[in-house]
Amino acid sequence: MKGLLLLLAAGSLVIFTAIAAGPVLERNRRAGQIQTLRAALDQARYSADSCKVALAREERDFRLFDEAVDSLRTTTDGYEDPEQGGVPEEDYEAYMEAFDLYNTSVESWQARADSLQASDARCRQLIEAHNELGDSIRKVQDAWREESGS
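**Q** Would you explain the overall build of the protein in this entry?
**A** Helix and strand counts for the protein come out as 2 helices and 0 strands. By the burial criterion, 18% of the 150 residues in the protein qualify as buried. A separation of at least 24 residues holds for 79% of the contacts in the protein among residues at least 6 apart in sequence.

**Q** Honestly, the packing of aromatic side chains in this entry has me stumped. Any pointers?
**A** Any two aromatic rings considered together are summarised by their centre-to-centre distance and by the angle between their planes. Taken as a whole and judged by the stated rule, the model has 4 aromatic pairs. Centre to centre, the rings of tyrosine 79 and tyrosine 95 are 6.0 Å apart; their planes meet at 75°, and the pair counts as edge-to-face. Remark: tyrosine 95 occurs in helix α2 (residues 92–148) and tyrosine 79 occurs in helix α1 (residues 2–79); sequence separation between them is 16 residues. The class for tyrosine 95 is buried, based on a relative accessible area of 11%. Between tyrosine 92 and tyrosine 95, the aromatic rings sit 6.1 Å apart at their centres with planes inclined by 40°, giving tilted as the arrangement.

**Q** Got a minute to help me understand the nonpolar core in this structure?
**A** Nonpolar side chains tend toward joint burial in soluble globular proteins. Core analysis: the largest hydrophobic core is formed by 6 residues, namely Cys51, Leu55, Phe62, Ala113, Leu116 and Cys123. When residues of this core are traced back to their parent elements, those giving at least two are α1 and α2.

**Q** Explain the side chain of histidine 130 here, please?
**A** Of note, histidine 130 is situated in helix α2. Taking the relative accessible area as the measure of exposure, histidine 130 reaches 17% and is therefore buried. Ignoring sequence-local partners within four residues, the contact set of histidine 130 consists of Leu41, Ala44 and Arg45.

**Q** What should I look at first to understand the environment of glutamate 132 in this one?
**A** Among the secondary structure elements, glutamate 132 is positioned in helix α2. Along the chain, glutamate 132 and leucine 41 lie 91 residues apart, while their C-alpha atoms are 9.1 Å from each other.

**Q** How should the side chain of serine 119 be read in this particular structure?
**A** Structurally, the position occupied by serine 119 is in helix α2. Not counting chain neighbours up to four residues away, the residues in contact with serine 119 comprise Cys51, Leu55 and Glu58.

**Q** What am I meant to see in the state of the cysteines here?
**A** The term disulfide refers to a covalent linkage connecting the sulfur atoms of a pair of cysteines. Under the criterion given, the structure shown has 1 disulfide. Each disulfide pairs two cysteine sulfurs, and for cysteine 51 the partner residue is cysteine 123, the sulfurs being separated by 1.9 Å. Where cysteine 51 bonds to cysteine 123 through sulfur, the torsion about that S-S bond is close to -100°, and the disulfide is left-handed. With cysteine 51 in helix α1 and cysteine 123 in helix α2, this residue pair connects regions lying 72 residues apart in the sequence. Relative accessible area serves as the criterion here: at 11%, cysteine 51 is assigned to the buried category.

**Q** Sorry if this is basic, but what is going on with the pattern of salt bridges here?
**A** Close approach of charged atoms lets side chains of opposite charge pair. Counted by the stated rule, this structure contains 6 salt bridges. Put simply, aspartate 42 and arginine 45 hold a salt bridge, and the shortest N to O gap is 3.3 Å. Of this pair, aspartate 42 and arginine 45 are both found in helix α1, 3 residues apart, which corresponds to roughly one turn of the helix. Here aspartate 42 falls in the partly exposed class, since its relative accessible area comes to 46%. Classification of arginine 45 as partly exposed rests on a relative accessible area of 36%.

Reading guide: rules and limits
Residues numbered from 1 in each chain as written. Predicted model: local features only at pLDDT ≥ 70, side-chain atom pairs only at ≥ 80, totals over all residues. Heavy atoms only, no water. Helix = DSSP H or I, 4+ residues; strand = E, 2+ residues; numbered from the N terminus. Buried < 20%, exposed > 50% of the residue type's maximum accessible area, 1.4 Å probe, protein only. Contact = heavy atoms within 4.5 Å. Phe/Tyr/Trp six-rings, centres within 6.5 Å; stacked < 30°, edge-to-face > 60°. Core = buried A, V, L, I, M, F, W, Y, C linked by side-chain atoms within 4.5 Å. Disulfide = S-S within 2.5 Å. Salt bridge = Lys/Arg side-chain N within 4 Å of Asp/Glu carboxyl O.

In structure tokens, the structure reads:
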């Protein structure tokens, strides 16, 4: 009889401990989940910020290049003499050099414009991913608060 009481007491203690430890374990699990999400958010923020800095540099370089291409166009247009109906013969060789350089620059301009657009799209994706992680953290925290009645 004494053994049975001791066994019941031990079983009750195990059940009580499991019941008491459950919320602590759940709280630790959720804290770990939040911590993991915050680490991911920090990494996403770093990636997005780095991308924005690189994009700003690429935009600045593109604008400078665009100004250079416009300058070449102005130079090329400057060789043309409307009164003579075109480029004077003595300026034709210099005109063709400037014109070839301008054409080559226009091709490069398009490649740079495409690269800039791709970089912008990549940065937008990184920013959206960062924002989604931030929203996930808020949702988890809100759900946790609702469950705990706070």
